[in-house]
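Geometric and topological summary
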Amino acid sequence: MADWNLAPRQTVHHLFATPVIEVWPAQGKTWLGALRDRVLARRAEDPGIARSNINGWHSDTRMLEWGGDAAIELARETMAVCARYTSDVSAAQGQSRYEMGMEMWANVSPASASNQMHCHPGSFWSASFYVDDGGCTEDGFFVAQDPRFPSIRMNAPDLVYQDENGTKQRSQHRIRPEPGKLVIFPSWMMHAVRPHKGPRERISIAMNVLALPAAPQ
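What comes next is a walk through the structure. (Residues numbered from 1 in each chain as written. Predicted model: local features only at pLDDT ≥ 70, side-chain atom pairs only at ≥ 80, totals over all residues. Heavy atoms only, no water.)

1. With respect to the pattern of salt bridges
Where charged atoms from two side chains of opposite charge approach closely, those side chains can pair. Basically, it comes down to this: For salt bridges, the criterion is a side-chain nitrogen of Lys or Arg within 4 Å of an Asp or Glu carboxyl oxygen. Note on exposure labels: buried denotes an accessible area under 20% of the residue type's maximum, exposed denotes more than 50%, and partly exposed covers the range between, all computed with a 1.4 Å probe on protein chains only.
The full count for this structure, using the stated rule, is 14 salt bridges. In this structure, the salt-bridge partner of Asp 88 is Arg 97, at a minimum N-O distance of 2.8 Å. For Arg 97, a relative accessible area of 44% gives the class partly exposed. Look at the salt bridges and you will find they share partners, linking Arg 42, Glu 45, Asp 60, Arg 62 and Glu 65 into a network.

This is how it looks when you write it as structure tokens:
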């Protein structure tokens, strides 16, 4: 009979990680006032569009045209971070076959507004930059959904995987919005934004980073 008190040699592979990047850009806090003014001015003149937003305002996706210098600086910083974590593995002599494009929009969410679970087809990275958290630190979280979500419903919903240190793998990961914080994630990842209870409107800037064929050299 095997002696189960003797632990066998074990190797645990944590495979296929999903990168979710939190960044505090060095100039992030200096952009807040200008971004707020541009977003609220745009809302005053444009009814916006309906996408994943529930009860909030969603601008058009041309914010790079009307968002001013702060929006352009934010876009550049976001693309620089994305470039750092992206590689064209079949590039010839380090020359990527792709270049990055971007679309940008704004969300303004009063208390109780939210964004339903969704992804961003057609892009490679997506990002959210927080201008105002609405004054709520207890909710209003960005919620990332485990792409293997169906697995926990296949057999025993109360069972989760845990690593060799006892850390449990939850089906959702929550990130608290903070003014000046940039969150970057793969566009295919399902995500949502929970309603907040703050006294102000939550203002965020959303971006899609597109992989476009590079011009011939």
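2. Things to note about the sheet that holds strand β3 (residues 57-58)
Note the following rule: DSSP-based pairing: two strands are paired if at least 2 bridges between them are found. The way it works is that DSSP assigns letters per residue, a run of H or I at least four long becomes a helix, a run of E at least two long becomes a strand, and they are numbered from the N terminus. It only takes one pair of heavy atoms within 4.5 Å for two residues to be counted as in contact. Inter-axis angles, ranging from 0 to 180 degrees, are taken between N-to-C directions of lines fitted to C-alpha atoms, where helices are fitted over the stretch in contact.
What the 6 strands build is an open sheet, ordered β1-β9-β6-β11-β4-β3; its pairing is antiparallel. In the strand order of this sheet, the two ends are held by β1 (21-23) and β3, each with one partner. Across 2 bridges, β3 lies against strand β4 (residues 98-109) in antiparallel orientation. Note on β4: the bridge partner recorded for Trp 57 is Val 108. Here helix α1 (residues 28-45) sits on the sheet and contacts β3, β4, β6 (125-132) and β11 (202-213); the angle it forms with β6, its principal contact strand, is near 90°. Strands β1, β4, β6, β9 (182-186) and β11 of the sheet are contacted by helix α3 (residues 68-84), whose axis makes an angle of about 125° with β4.

3. Comments concerning α1
Condition: Between the first and last residue of a helix there are one fewer steps than residues, each counted as 1.5 Å, and that sum is the expected span. Think of it this way: the bend at a residue is just the angle between two axes, each fitted to seven residues, one set ending at that residue and the other starting at it.
Relative to the 26 Å expected for 18 residues at 1.5 Å per residue, α1 spans 26 Å between its end C-alpha atoms, a close match to the ideal helical length. Of all the bends in α1, the greatest measures close to 30° and is centred on Ala 34. Turning to α1, the residues buried within the fold contact β3, α2 (63-66), α3, β4, β6 and β11.

4. Examining the packing of aromatic side chains
What counts, and what does not: Centre distance within 6.5 Å is the pairing criterion for rings of Phe, Tyr and Trp, where only the six-membered ring of Trp is used; planes under 30 degrees apart are then read as stacked, over 60 as edge-to-face, and the remainder as tilted.
Under the defined criterion, the tally for this structure stands at 3 aromatic pairs. Both rings, one in Phe 124 and one in Trp 125, keep their centres 6.0 Å apart while their planes meet at 80°; by these two values the pair is edge-to-face. According to the relative accessible area criterion, Phe 124 is partly exposed, its value standing at 45%. Exposure remark for Trp 125: the relative accessible area of 4% places this residue in the buried category.

5. Structural notes on α3
Convention followed: Here the arc refers to the directions that run from the helix axis out to each C-beta atom.
Here α3 contains 17 residues, and its C-alpha end-to-end distance of 25 Å stays within 8% of the 24 Å for a straight helix at 1.5 Å per residue. Among the residues making up α3, those that are buried are Gly 68, Ala 70, Ala 71, Leu 74, Ala 75, Thr 78, Val 81 and Cys 82. Viewed along the axis of α3, the buried residues span an arc of 135°, placing them on a single side of the element. Exposed side chains of α3 directed beyond 90 degrees from the buried face belong to Asp 69, Arg 76 and Arg 84.

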